[in-house]
Amino acid sequence: MVNPHLLRSTLCLVVVTCLAWASLIRGVRAEGEPAAMFLKQLRAAGYHGLAIRYLDRLGDYPGVDPEIRSAVELEKAQTHIDAAVVARTASQREAAFADAEAALQEFLKRGSHPRAADARAQLGRLQMVRAAQLLSGELDDEKREQARQAYQDAASTFDSIVAELKEKLTSMQGARIDETKEPERAAERDGFRFSYLQGMVNAGEARVAAAETFAEPAAGGRKLLEEALGLFTDLSEKYAKFPLGAAALYSRGRVERLLGDRKKAEESFVRMMEMVDADPLRSARIGAASGLVELALSDEKSDYEKAIKQGEEMVKALRPNERQLPETQLLRLELARAYLAKSQDETQGNKTQRKRAESDARKLLKEANQVAGVHQEETTRLLKEVGIGGAEDEVVELPTADDPNSLDDAIASARTIMQALQRQQTELDALMQQGAEKPVIAEQVQALQQKISEARRVGIVILRRGLSMLHGESDTSMIHEGRQYLTYLLHLEQAHREASVVGQFLARFAPGTERGLGAGMLALASLQQVIASEENDSEHLMAEIEQFADYLLMTWPDSPKAAGAQEIVIRLALSNDQFDRAEALLDKMPEGPQRATLQRLMGMLVWNKFLMANAEEGHSGSDQDLEKARQYLEAGLKGVNEGFADTQTLQAGLVLTKLLLRQGKSQQAVGVLDNAKYGPLKLLPKVDDPEQSLLLDLYKTELQAVVGTMTGSNANTDPLLKRASETLDKLRDTVQGPDGKKRLVGTYVALARDIRSQLETTTPDRKAKLIDAFNVFLKQIAQSTQDESTLMWVGRTMMEIGESAMQDGELKAVGQASELIEGAASVFEDLLPKSEDKLTLRFLFARCLRMLGQYSKALDQYQNVLKEKPMMLDAQKEAALTYEMWAGELAPGIASKAYATALMGGRKGPDGKNIIWGWGRISTLTQRDPKFRTIFFDARYHVALCRYLQGKKAKDDRIVKQAIRDITSVAVLYPELGGQEQRARFDALLKKIQTDAGEPANGLPPIAQPAAS
């Protein structure tokens, strides 16, 4: 036997000899020694000792690159680090890290070098690693002291990096760098800035780690923690627009928590959670969620419900690449504590919920324990508490089966297992009907499900072994039966890849047989599951499914099952938004109920595609999609058999009605609703227990369609008004239950918006007629009812229609718009004394008054609203806009002050502060929260507009030029300015102000594109 150590030595000698000869040969053929390549190959092969000896003798080789020759110690350090990573023992690893640190220190003694900054950063990181190593195993005071010193050394190293880079960045401030003309200098500056911020982060983390070496960090390491807090505070406040600065909020919260300042820690964590959900901030947001959970649990009352709420959402939102992060394991650990606290709270009366909480905790602890880290000791302890010993997950041994004697023996065993499975499934169904939420039954269900799964796995093992015994004389029917059973069991056990392979094989080798078709359909179902779980391979899988479905249809042409295979392919294509592929397949499908069903489905999905395109800012659905949806829906509905009724057909008819309304075809829409064969109103009595939401949507659409027909030249208004009133009664009667009124109000609000949308997408002539028709109808309803919800809807709808009748840019209503908004104001004013929801009514009333130009009365109402709810942003915006509009109608001397009020707010409260904030404060308070980003940019636009108009009225160029700075300063911080549409508004306003100020009307500068890498 060859001695492995001798073999390794021989290989080393061969490598060295080869390298020496290669060096001599290259010395003749090339200008220099390929040192970098040799080093890379030696490290990759694991020959770290040889690499060090090669570096020691580098001076003996002619033509070595001067850059490598000047950085020998740095290359040695990297080699030692690589050796440490693969070291087999802790002592070897520690020795390698020590050698690496010594080499880095030696390199840095030589003074300036182009790679000195990288070396210093590497040294700091290495010092952190060595410190962490000192804290492993049993700890004593000496090891803590050594680790603390190592962390402080690392902090000093990072401090020196920060100081050096700060000096470089300061020297660059005086030189304005044009990124388009000097991309290299701009890239250099950005690189320095990143390293500077990273150095601050590392310096802070080193201090925190040093403080945590004390038994009581807040006592023994207070100075270190305060220094770290200073660094993280600077990062999070001064550099919040950079990812490293924004993420520092998490570190800041950790330090504040260590110092015992719970309130500030919670504030920092909450601010971190409110940051935009960008990739560079994900780990910090996960850490912040963990911090919030820990704070909730460590509160005096240990609020586990709050802790669960804080952590549960983040755990559910974890991405695949985040499941191994250290922050994720800490979050799982803290959330598990919260679940355990809930499970142990005997005041919680629901035992099922307590048991579920313990189960959730166990799952989180097992997931965390599978990832190595500092959290494992605590997760192991908690796992033992919940009855799972050791650090490893519970091991459930797979059931085994004795080897069958033959294929016949295996098939016989499989038949027995299939019969047992059938009995067990019947028993399971009966238990489920008794109520699986009951604890006793839940335990029985769980035990039975385990038995069923074990039986399936036993069957799979037996069949695999039996089928491996095939020979030339094996019975073909027995082989087919075995493969059919195996396909079925694999599918049930969710081994979908293998099930599809076995099933397709049987379908192709047993053509025309029932077993072949059954296995083929199972294979198709398994492929559906595979495509649902493997998005990256979906195109290949779709092609495979399509080809196999064609094979089934061709091989079993008269079978409804095989025809159903084609339906599966079309539905899959539709679920993946592959409309062209689905359309091509659908066109080849023969006429019949299946094709009609798919045509209806296609029509509804194309309609949804159209609506989604409309919902995107700056986009609209295509008329081509709208027409295509109509054609498919009409064809699918014509294919409905007489007397057939189901929810999908009803919904298809409803969608076609909405589509026709969108196209301005109200009479045709009513015709669809009333169609004897497929009309939704005709099918409704035949559908069992339609959902309330479907009924509300149907009656809401009917109301729009009926009122829309009033605009026809031959329309008989009286019966149409009667039908519309009856539909409104049906709408009101549909809503039942404790939250009925709330749902009715929500439906009314949605109806008002739908009517406005219907008006905004029609032609001007038809729009005027529709407005008149709705006006007549709404006035009649207002006179005939005392129902508060209905009257609120009438008022809202009048206001929405009135606002839609106003021209673009028009803020004060005239003509039709004024008449409708006056009607809405009258309804709201009459309701005010008797309504419980005075806040909403006052707000709506005030909006009407503002649009009618009754500014003082509008502000009175907004003042009452904001006294009760000062944080109501919609009311604050409306009140500021009211001041702004009023200022536009005042004399110049007064107008200037009015614009100032629109900016700074007015209507002082008892505390002397302005009840109405004004645009300035609205923009300040919405700047930090991404949820209010649209409001922030809108407020900043109005700040600049009011400032400009104020300057013009006061004839003060200084104020006008301040308006220019109002826009440019925001554009520097947020170049996108809230999106394309909002940016265009800012640009147009800036050009107008620049022109009036006598400056070149250049507008906003183009958004700088990232430099090509």
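Residues numbered from 1 in each chain as written. Predicted model: local features only at pLDDT ≥ 70, side-chain atom pairs only at ≥ 80, totals over all residues. Heavy atoms only, no water.

**Quick look at the overall build of the chain**
A count of helical and extended segments in the chain gives 45 helices and 2 strands. Put simply, the chain shows about 52700 Å² of open surface, and 51% of that area lies on carbon and sulfur atoms. (Helix = DSSP H or I, 4+ residues; strand = E, 2+ residues; numbered from the N terminus. Areas by Shrake-Rupley, 256 points an atom, 1.4 Å probe, with all protein chains shown as cover.)

**Some points on the side chain of S896**
Looking at the secondary structure, you find S896 in helix α41 (residues 892-904). A residue is classified by how much of its surface remains accessible, and S896, at 12% relative accessible area, is buried. Apart from residues lying up to four places away in sequence, S896 is in contact with Q950, K953 and A954. (Buried < 20%, exposed > 50% of the residue type's maximum accessible area, 1.4 Å probe, protein only. Contact = heavy atoms within 4.5 Å.)

**Some points on the packing of helix α14 (residues 282-298) against helix α15 (residues 304-316)**
The relative placement of two packed helices comes down to the angle between their axes together with the axis-to-axis distance. Contact geometry for α14 and α15: axes closest at 8 Å, N-to-C directions at 170 degrees. The angle between the axes of α14 and α15 places the two elements in the roughly antiparallel class. Between α14 and α15 lies a crossing whose hand is left-handed. Contacts between α14 and α15 involve R282, R285, I286, A289, L292, V293, A296 and L297 from the first element and Y304, K306, A307, Q310, G311 and M314 from the second. Each residue belonging to the contact of α14 with α15 can be placed in one class, and the counts come to 9 nonpolar, 2 polar and 3 charged. (Axes fitted to C-alpha atoms, helices over the stretch in contact; angles between N-to-C directions. Parallel < 35°, antiparallel > 145°, perpendicular 65-115°, else oblique. Left-handed = near helix turned anticlockwise from the far one by under 90°. Nonpolar A, V, L, I, M, F, W, Y, C, P; charged D, E, K, R; others polar.)

**Some points on the pattern of salt bridges**
On inspection of all chains with the given rule, the structure shows 45 salt bridges. D234 is the partner of K238 in a salt bridge, and the nearest nitrogen-oxygen pair spans 3.9 Å. Here D234 and K238 lie together in helix α11 (residues 222-238), a separation of 4 residues that amounts to about one turn. In this structure K238 comes out as exposed when scored by relative accessible area, which is 59%. Between E367 and R332 there is a salt bridge, with the nearest N and O atoms lying 3.6 Å from each other. (Salt bridge = Lys/Arg side-chain N within 4 Å of Asp/Glu carboxyl O.)

**Looking at α14**
Over its 17 residues, α14 extends 24 Å from the first C-alpha to the last, a length consistent with the 24 Å expected when each residue adds 1.5 Å. Across the 17 residues of α14, 14 count as buried, placing the element largely inside the fold. (Expected span 1.5 Å × (residues − 1).)

**Focus on the packing of helix α42 (residues 919-926) against helix α43 (residues 933-954)**
Put simply, α42 and α43 touch, their axes get as near as 8 Å, and they point 150 degrees apart. When the axis of α42 is compared with that of α43, the two are roughly antiparallel. Taken as a pair, α42 and α43 cross one another with a handedness that is left-handed. Taking contact as the criterion, the partners of W919, G920, I922, S923 and T926 in α42 are, on α43, I935, F936, D938, A939, R940, H942, V943 and C946.

**Observations concerning the packing of aromatic side chains**
Aromatic rings considered in pairs are described by the distance between their centres and by the relative angle of their planes. Inspection of the entire model under this criterion finds 11 aromatic pairs. Here F505 and F509 contribute two aromatic rings whose centre-to-centre distance is 4.4 Å and whose plane-to-plane angle is 25 degrees, an arrangement assigned as stacked. Separated by 4 residues within a single helix, F505 and F509 lie in helix α22 (residues 496-509), roughly one turn from each other. Between W607 and F610 the ring centres are 5.9 Å apart and the planes differ by 20 degrees, which places this aromatic pair in the stacked class. With W607 and F610 both in helix α27 (residues 593-615) and 3 residues apart, the pair spans about one turn of that helix. Since its relative accessible area comes to 6%, W607 is described here as buried. Under the relative-accessibility criterion, F610 is labelled buried at 4%. Through a chain of ring-to-ring contacts, three or more aromatic side chains come together here, namely F936, F937 and Y974. Positioned above the aromatic ring of F214, the side-chain terminus of R148 is 3.7 Å from the ring centre. In this structure, R254 packs its charged tip against the face of Y250, placed 5.5 Å from the ring centre. (Phe/Tyr/Trp six-rings, centres within 6.5 Å; stacked < 30°, edge-to-face > 60°. Lys NZ or Arg CZ within 6 Å of the ring centre and 35° of its normal.)

**Some words on α15**
When the terminal C-alpha atoms of α15 are compared, their 18 Å separation across 13 residues agrees well with the 18 Å that a helix rising 1.5 Å per residue should span. Every buried residue belonging to α15 is among Y304, A307, I308, G311 and M314, and all of these are buried. Its buried side turned inward, α15 meets α13 (262-273), α14 and α16 (326-343).

**Some thoughts on unusual backbone geometry**
One non-glycine residue with positive phi stands out, namely R907, at about 60 degrees. Position of R907 relative to the elements: it lies in strand β1 (residues 906-908). Unlike most non-glycine residues, L977 shows phi in positive territory, near 55 degrees. With respect to the secondary-structure elements, L977 resides in the loop between α44 (957-973) and α45 (980-996).

**A short note on the environment of L281**
Tracing the sequence through the fold places L281 in the loop between α13 and α14. A C-alpha to C-alpha distance of 8.2 Å links L281 and L244, two positions 37 residues apart in sequence. When near neighbours in sequence (up to four residues on either side) are disregarded, L281 contacts P243, A246, A247, M272, M275 and V276.

**With respect to the confidence of the model for the chain**
Mean pLDDT over the chain stands at 80; residues scoring 70 or higher make up 84%. In the model of the chain, helix α1 (residues 4-29) stands out as the element of lowest mean pLDDT, 34, in contrast to helix α40 (residues 873-887), which has the highest, 94. Counted against residues more than four places away or in other chains, residues 1-32, with its pLDDT under 50, gives 19 contacts. Here residues 390-400 scores under 50 on pLDDT; set against residues more than four positions off or in separate chains, the count is 19 contacts. (pLDDT = per-residue confidence, 0-100.)

**Here's the deal with the environment of M904**
Tracing the backbone through its elements, the reader meets M904 in helix α41. The spacing of M904 and I916 is 12 residues in sequence and 8.7 Å in space, taken between C-alpha atoms. When near neighbours in sequence (up to four residues on either side) are disregarded, M904 contacts N914, W917 and G918.

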